[in-house]
Amino acid sequence: LEALLQWQQRDYRLRDDVAKESVRRLLFLAIERGDSKAVVRCFEEIKERYADLVVPFDKILAVGKSYLDLGEFESALLVFRGTAEASFLKDAAVATTLEGLGETVAAARYLERLLMQYPDLPTMRVTRYSLGQKLAAAAAAMDPARAVDEKVGSAAQLRARSLAVFREFLILGPEDRSEEHTSEL
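Residues numbered from 1 in each chain as written. Predicted model: local features only at pLDDT ≥ 70, side-chain atom pairs only at ≥ 80, totals over all residues. Heavy atoms only, no water.

Turning our eyes to something else, we now look at the overall build of the protein. Within the protein one finds 8 helices and 0 strands. Reading the protein from its N end, one meets helices and strands in the order α-α-α-α-α-α-α-α. By residue count, 38% of the 185 residues in the protein fall in the buried class. Restricting the contact set of the protein to residue pairs at least 6 apart, pairs at least 24 apart contribute 56%. Only carbon and sulfur atoms are counted for the fraction: they give 56% of the accessible area of the protein, which is about 11,400 Å². (Helix = DSSP H or I, 4+ residues; strand = E, 2+ residues; numbered from the N terminus. Buried < 20%, exposed > 50% of the residue type's maximum accessible area, 1.4 Å probe, protein only. Contact = heavy atoms within 4.5 Å. Areas by Shrake-Rupley, 256 points an atom, 1.4 Å probe, with all protein chains shown as cover.)

Have a look at this one:
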């Protein structure tokens, strides 16, 4: 594997699309073989030269493990953190779909459950704050004379849920108190 990587750099220059596919396959091969050094080397080549290349979830977890095996804890943390955030954003798209269908209550509940399943990373903190803002805005925009729709809830229910989400935001991220958005609370 090491010889293949050196050969490509020393003797010949492959077309970019061919080189990209070769490095991807070498990464998968290194993962399959359990060669942590080769995994990290291939991943770093992908990261530097082919940032648009998508590495599947199971493979990126193996990359993080390879960094751990080599004692590169900070790099492993960055890989795992990035993986968690990307996975969260993919899962959070379900809430956006529910909201688009007018299911405000279901979207909020789904997103709140999802937030509890993931580590408290910046993406999740911003999402929690945004959820509180959306609920508050929806409550403010409601016509009090309108009949209560169970899919949306009443203005009072939305305000109460919004306050609860903001409270969780402040409790779970007290260090965020210095940031500009919490000054509005």
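Still to come is the rest of the account.
Once that is clear, we can look at the pattern of salt bridges. Within this structure, the stated rule accounts for 11 salt bridges. Between Lys20 and Asp52 there is a salt bridge, with its nearest N and O atoms 2.9 Å apart. Residue Lys20 is found in helix α2 (residues 16-33), and its partner Asp52 is found in the loop between α3 (36-49) and α4 (57-69); the two are separated by 32 residues along the sequence. Here Glu112 makes a salt bridge to Arg161, at a shortest N to O gap of 2.6 Å. With a gap of 49 residues between them, Glu112 in helix α6 (residues 104-117) and Arg161 in helix α8 (residues 155-172) connect regions that are remote in the sequence. (Salt bridge = Lys/Arg side-chain N within 4 Å of Asp/Glu carboxyl O.)

Below, the discussion takes up the packing of aromatic side chains. By the definition in use, this model includes 4 aromatic pairs. A centroid spacing of 5.4 Å and a plane angle of 50° characterise the contact between Tyr129 and Phe166, whose relative ring orientation is tilted. Placement of the pair is Tyr129 in helix α7 (residues 122-141) and Phe166 in helix α8, with a sequence separation of 37 residues. Phe166 matches Tyr129 in its accessibility class, with the two residues each being buried. Ring pairs connect the aromatic residues Tyr129, Phe166 and Phe169, which therefore count as one cluster. In this structure, Lys59 is placed above the aromatic ring of Phe28, and the distance from its NZ or CZ to the ring centre is 5.1 Å. (Phe/Tyr/Trp six-rings, centres within 6.5 Å; stacked < 30°, edge-to-face > 60°. Lys NZ or Arg CZ within 6 Å of the ring centre and 35° of its normal.)

Looking now at the confidence of the model for the protein. Any residue range with low pLDDT should be treated as having predicted coordinates unsuitable for detailed reading. This prediction gives the protein a mean pLDDT of 85; 87% of its residues lie at or above 70. The element-level mean pLDDT for the protein is lowest in helix α1 (residues 2-10), coming to 57, with α4 highest at 94. (pLDDT = per-residue confidence, 0-100.)

The subject of this paragraph is the packing of helix α5 (residues 73-100) against α6. Between α5 and α6, whose axes approach to 8 Å, the crossing angle comes to 165°. Regarding the angle of α5 to α6, the classification is roughly antiparallel. α5 and α6 meet at a crossing whose hand is left-handed. Residue-level inspection shows Phe88, Asp91, Ala92, Val94, Ala95, Leu98 and Glu99 of α5 in contact with α6, the latter providing Ala106, Ala107, Tyr110, Leu111, Leu114 and Leu115. The class makeup of the residues in the contact of α5 with α6 is 11 nonpolar, no polar and 2 charged. (Axes fitted to C-alpha atoms, helices over the stretch in contact; angles between N-to-C directions. Parallel < 35°, antiparallel > 145°, perpendicular 65-115°, else oblique. Left-handed = near helix turned anticlockwise from the far one by under 90°. Nonpolar A, V, L, I, M, F, W, Y, C, P; charged D, E, K, R; others polar.)

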